[in-house]
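# Structural features, examined
Given next are the chains, with one letter for each unit.
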Amino acid sequence: MTVSDIFENHFSVDKLKETFTDHVVYSRATGIDNLDQYAFRAQLDEQVGILSRKALSGTYHFTKYKLKLVSKGRGKIPREISIPTVRDRIALRSLCNFLAEIYKNNIKFDLPQNIVKKVKVDLNGGHYDACIKLDVADFYPSIKHAELISRLGKKIRSPAIKSIILSAISSPTVSISKQSDSPSARGVPQGLAVSNILAAIYLSNIDKDLNSIENIKYYRYVDDVLIFCKLSESQEIASLVMRKFRRIGLKIHDPVKFPSKSSMGPIANGFDYLGYQFSAKSVTARSGSVERLKQSLVSIFTSYKYSKQKSEGFLLWRLNLRITGCIYENKSKGWLFFFAEINDENLLHSLDHYVKKLIIRFGVDVTPKKFVRAFKELTHRKYETRYIPNFDNYNLEQMEGVLSDYFGLDIEKYENEEIEFEFKKRLSRQVKDLQVDIMDFSYS
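All chains use their own residue numbering, which begins from 1 and follows the written sequence. The model is predicted, so local features are restricted to residues of pLDDT at least 70 and side-chain atom pairs to those at 80 or more, both for listing and for counting; the totals for chains, interfaces and linings are taken over all residues. The basis for every side-chain value is the complete set of heavy atoms in the structure, and neither hydrogens nor water enter the calculation.

### Looking at the sheet that holds strand S4 (residues 173-174)
A pair of strands is considered paired only if DSSP assigns at least 2 bridges between the two. Think of it this way: any DSSP run of H or I at least four residues long counts as a helix, any run of E at least two long counts as a strand, and we number them from the N terminus. Strand order in the open sheet formed by three strands is S2-S1-S4, and the pairing between neighbours is mixed. Each of the sheet's edge strands pairs with one partner strand only, and the pair in question is strand S2 (79-83) and S4. Of the pairings in the sheet, the one linking strand S1 (residues 65-70) to S2 comprises five bridges and is antiparallel in character. Residue pairing in the sheet places Leu69 in a bridge with Glu80 of S2.

### A closer look at the pairing of strand S5 (residues 217-221)
Relative accessibility decides the category of a residue: with a 1.4 Å probe and only protein chains considered, values under 20% of the type maximum give buried, values over 50% give exposed, and everything between is partly exposed. Judged by how many residues are buried, S5 sits mostly within the fold: four of five residues are covered. As judged from the five bridges shared by S5 and strand S6 (residues 224-229), these two strands associate in the antiparallel manner. Across the sheet, Tyr221 pairs through a bridge with Asp224, a residue of S6. Hairpin remark: S5 followed by S6, antiparallel, with two residues in the connecting loop; positive phi at Val222, about 55°.

### Focus: the sheet that holds strand S9 (residues 271-273)
By way of backbone hydrogen bonds, the strands of a sheet pair with one another, either parallel or antiparallel. Pairing is antiparallel in the open sheet, where three strands are placed in the order S9-S10-S11. Here the strands that pair on one side only, and so sit at the sheet edges, are S9 and strand S11 (283-285). Between one strand and the next, the sheet's axes are offset by a mean angle of 30°, whatever the strand orientation. Against the sheet, helix H6 (residues 112-125) makes contact with S9, strand S10 (276-278) and S11, and its axis sits at roughly 0° relative to S10, the strand it touches most. Angles here are taken between N-to-C directions and fall from 0 to 180 degrees, while the axes themselves are lines fitted to C-alpha atoms, restricted in helices to the stretch in contact. In this analysis, two residues are considered to be in contact whenever any of their non-hydrogen atoms come within 4.5 Å of each other.

### Here we look at helix H18 (residues 396-405)
Every α-helical turn comprises 3.6 residues, leaving residues that sit three or four positions apart pointing alike. All of the buried residues along H18 are Met399, Val402 and Leu403. Mapping the buried residues of H18 onto a view down its axis gives an arc of 95°, with all of them on the same face. In H18, the exposed positions that point more than 90 degrees away from the buried face belong to Glu397 and Asp405. The opening residue of H18, the one whose side-chain oxygen lies 3.2 Å from the backbone nitrogen of Glu397, is Asn395. The arc in question is the one spanned by the directions pointing from the helix axis to the C-beta atoms. In protein, a polar contact means a hydrogen-donor-capable atom and an acceptor-capable atom, both N or O and within 3.5 Å, with residues adjacent in sequence counting only if both atoms are side-chain atoms; elsewhere, any N or O pair within 3.5 Å suffices.

### Here we look at helix H16 (residues 345-362)
Helix span, expected: 1.5 Å multiplied by one less than the number of residues in the helix. In this model, H16 (18 residues) spans 26 Å end to end at C-alpha, consistent with the 26 Å of a helix rising 1.5 Å per residue. Of the positions making up H16, those classed as buried are Leu347, Leu348, Leu351, Asp352, Tyr354, Val355, Leu358, Ile359 and Phe362. Buried residues along H16 cover an arc of 155° about the axis, so they all sit on one side. Opposite its buried face, H16 presents the exposed residues Asn346, Ile360 and Arg361, each directed more than 90 degrees away.

### Thoughts on the nonpolar core
Side-chain atoms within 4.5 Å are what join buried Ala, Val, Leu, Ile, Met, Phe, Trp, Tyr and Cys residues into a set we call a nonpolar core. Ranked by internal contacts, the top residues of the largest apolar core, which has 124 residues, are Leu95, Leu99, Leu152 and Phe245. The contacts of Leu152, once residues within four sequence positions are left out, are Leu99, Tyr103, Ile165, Leu198 and Ile201. If you look at the next biggest cluster of nonpolar residues, it comprises 15 residues, including Met399, Leu409, Ile419 and Leu434.

### Description of the confidence of the model for the protein
Atom-level detail of predicted coordinates should not be read off regions where pLDDT is low. pLDDT expresses, on a scale from 0 to 100, how confident the predictor is about each individual residue. Taken over all residues, the pLDDT of the protein has a mean of 92, while the share at 70 or more is 98%. Predicted confidence for residues 439-444 stays below pLDDT 50, and this span has 20 contacts to residues more than four positions away or in other chains.

Structure (C-alpha cells):
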C-alpha cells in the first residue's frame, strides 16, 4: 500500500467510527465547543462523514484547543495541556495511527520500565564509569514547524496530508476563543494523541546519530536523555549532544549551569532517571514518585470520608486497584507496573505500612491487598496471577458484579451492550486516575 492508501484507510468512515469506539467514546473531556461524547454519538454519522470527506480532500482544519493547566508541584510552572473537540480527537488519533503505521520500521516507542530494564543491564555490565543526564528545555513548545514538516516530507509526499498535520500542530490553544487568536508558529501542543510520535520523528535523526557512536550508551524518553560513557569523555560527549539539539532549535539545560535539570559525573555517585533512583546498592523509586503515590492513596480515603454513601466496598475496590494496578485495553496500568524494575523490598513494606496507618486514621474496617504480594505476583506470575485484575478478560457477569457491587447500579434494566458500555466508561475513569501517579512519564 502507498502512503496515500494508508491515509485513506485510516480516514475512511468505517475506520473513523472504529477509532471513536476504541479510543474516544469513554473520554469525559470536552473541547472548546463543549460538545461531549454523548451528544457527539447522536451526530456520529454526520460528524464522521464530514471528517472523512474533508480529510481525504485535504481541507480539514482543526478547531482551537481548550487550555488545561496541570500542576507540576509547588513552585513549578504548570504544564499546558491542549484539549481537542471530540471530532478533532478522532482525527488526531487517526493521524497517530497513520503515522505509526508508516514509521513502524523507523520509530520505536519503548515503555519507560523497558528502558529502565536496559539501563540496569548496562549499569551492571561495568563498561562505563560516567553518567550524563540531560533535560531539554521547553521541548514541545520549541519544535520548529518547518523542520518537522521537512522531516515528514521524506515519507509523506502528499501536500494535503502534510497540510492536515500542520493544521493539527498550529491550531492555537486558548482559554476563551477570540477572533484575534492566531495560529501557533512553533511548537507541538501537549496532550494530543499525535504529539509524541511527531516529537519522536523530529528527533529521529539525532537518535540515529547518537546510537551509532561507539563506546557510549544512549537512551532517550521524550525529553529526558541518559548517556553512559567514560568519565574522561563525558564533557566532550555532553557538548556534542547539546550542539546536535541546538541545530534543530532545541536547547538542553547545561549540566554545569543547571545541575537540578541536567547532570554529569561518575556512575558511582548514583543518579535518577524516569522516576527511578539508581545507586550502587539498589534501584528504587524516586522520593517524589513515592510521595505522589501516597497522596493518591490519601485522596481515596478522603473521597470515602466525604461521600454520601460511605461504601467501604467501593473504598476497598478503589484501594486494591491503586495498589495492584490492572490490565486494561491490553496495557499494564498503575504504579507497580511502572516501577516493576525496582529491587527495594523495604519500600514496598513501608507502603503497606502506610496503608495500614490510613485505615486506622480514617476509622474503616477493610483489609486491602499488599504491595509486597502484588509486586511478587507481577514479577513472577504476571500472566497467570489473579491477584492483579485483568479487566480485558472480564465476562458480562463479572462486569455486572462490579457495576452493582461497587457503583450501585441497578443493572436489571440494562441491555448487555449497555452493561459493557457502563462498565468500560466507569473503569476508564478509574484507570485514568491510576495514570496520574506516573503522569510525568506517560505517553498520551
